[in-house]
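# Residue-level structural notes
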Amino acid sequence: MAEARYTVGIDLGTTNTAVAFVDATSEFAVGDPIKTFLVRQLVAPGVVEGKTLLPSSMYFPAGSEIPEGSTALPWDAGREHVVGYLARQLGARIPSRLVHSAKSWLCHADVDRRGPILPWAAPEDVPHLSPVQASAEYLDHIRESWNAHPGRDAKDRLEQQEIYLTVPASFDAVARQLTMEAAREAGLTNVTLLEEPQAAFYCWIGTNP
């Protein structure tokens, strides 16, 4: 793999997911080199905006619940499910069609974490995903949003970058492995897991020279 231009940090959260990055080819003489990536997502039917947070939520609209074609994204005109802000809003009305808290399920040893259990207790007519697949969907949405950024070169695609993916210190070896599986399923291979307390410590060091 060619040397990565960007170092990217992804906080794959239970409630929200956030992305920050550094251009490793730039001189850091002035200002803060760490930038927050604005993740494009649906904020209303047919309306896409970049947000600093991607709610870790996925929603499967029912029939004519929202206008046909209004779940399309700039990189996927045929998208039928919703990830992010609008998913969370729609799921507040019909929770049985909402996938959420996938990260918590990854460390739940009493369920089949590779099995299609989410949305939990949803009707049979609702598509079901495993916690691993749901986590992969969030990471894949980030990858697609990153890659669709105007002017993005092929060599700067997210799958070509050095990625640090945070996990809770409480995650056991199985939950860590499942997180890596989700990343690979999303097309991300150059990934290092970083415990959240360690990431916070590195941040403190960086901001308190």
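What this report covers is the structure whose coordinates are included nearby. (Residues numbered from 1 in each chain as written. Predicted model: local features only at pLDDT ≥ 70, side-chain atom pairs only at ≥ 80, totals over all residues. Heavy atoms only, no water.)

### Notes on the overall build of the chain
Looking only at helices and strands, one finds five helices and eleven strands in the chain. Whereas a compact globule of 209 residues would reach a radius of gyration of roughly 17 Å, the chain reaches 17 Å, a difference of no more than 12%. With the C-alpha coordinates of the chain rotated into their principal frame, the extents come out at 55 × 40 × 30 Å. A burial count over the chain gives 43% of its 209 residues as buried. With the model as given, the accessible surface of the chain reaches about 10,700 Å², and the carbon-plus-sulfur share is 53%. For the chain, the separation between the mean place of its 17 positive charges and that of its 26 negative charges on side chains is 3 Å. (Helix = DSSP H or I, 4+ residues; strand = E, 2+ residues; numbered from the N terminus. Rg over C-alpha atoms; globule rule 2.2 N^0.38 Å. Buried < 20%, exposed > 50% of the residue type's maximum accessible area, 1.4 Å probe, protein only. Areas by Shrake-Rupley, 256 points an atom, 1.4 Å probe, with all protein chains shown as cover. Lys, Arg positive; Asp, Glu negative; His and termini not counted. Charge placed at Lys NZ, Arg CZ, Asp CG, Glu CD.)

### Observations regarding the environment of Pro67
Assignment of secondary structure puts Pro67 in the loop between strand 7 (57–59) and strand 8 (82–83). You can call Pro67 exposed: its relative accessible area is 55%. Expressed as a C-alpha distance, the spacing of Pro67 and Arg5, which sit 62 residues apart in the sequence, is 40 Å.

### So, the sheet that holds strand 9 (residues 98–100)
Strand order in the open sheet formed by three strands is 8-7-9, and the pairing between neighbours is antiparallel. Bordering the open sheet on either side are strand 8 and strand 9, each of which pairs with just one other strand. Bridging between strand 7 and strand 8 involves two bridges; their strand directions are antiparallel. Each bridged residue has a counterpart across the sheet, and for Tyr59 the counterpart in strand 8 is Val82. Packing against the sheet, helix 1 (residues 85–93) makes contact with strand 7, strand 8 and strand 9, and its axis sits at approximately 65° to strand 7. With respect to the sheet, helix 3 (residues 131–147) is in contact with strand 7, strand 8 and strand 9, its orientation differing from that of strand 7 by roughly 100°. (Pairing = 2+ DSSP bridges. Contact = heavy atoms within 4.5 Å. Axes fitted to C-alpha atoms, helices over the stretch in contact; angles between N-to-C directions.)

### Things to note about the pairing of strand 10 (residues 162–167)
Here four bridges tie strand 1 (residues 6–12) to strand 10, and the two strands are oriented parallel to one another. Within the sheet, the bridge partner assigned to Val8 lies in strand 10 and is Ile163. When strand 10 meets strand 11 (residues 191–195), the two strands line up parallel, connected through five bridges. Note that in strand 11 the partner of Val167 across the bridge is Glu195. In this view, the connection linking strand 10 to its parallel neighbour strand 11 by way of helix 4 (residues 173–185) has right-handed handedness. (Right-handed = clockwise from strand over helix to strand, strands pointing away.)

### Comments concerning helix 3
The first and last C-alpha atoms of helix 3 sit 24 Å apart over 17 residues, in line with the 24 Å expected at 1.5 Å per residue. Of all 17 residues in helix 3, 15 are buried, a share of seventy percent or more. (Expected span 1.5 Å × (residues − 1).)

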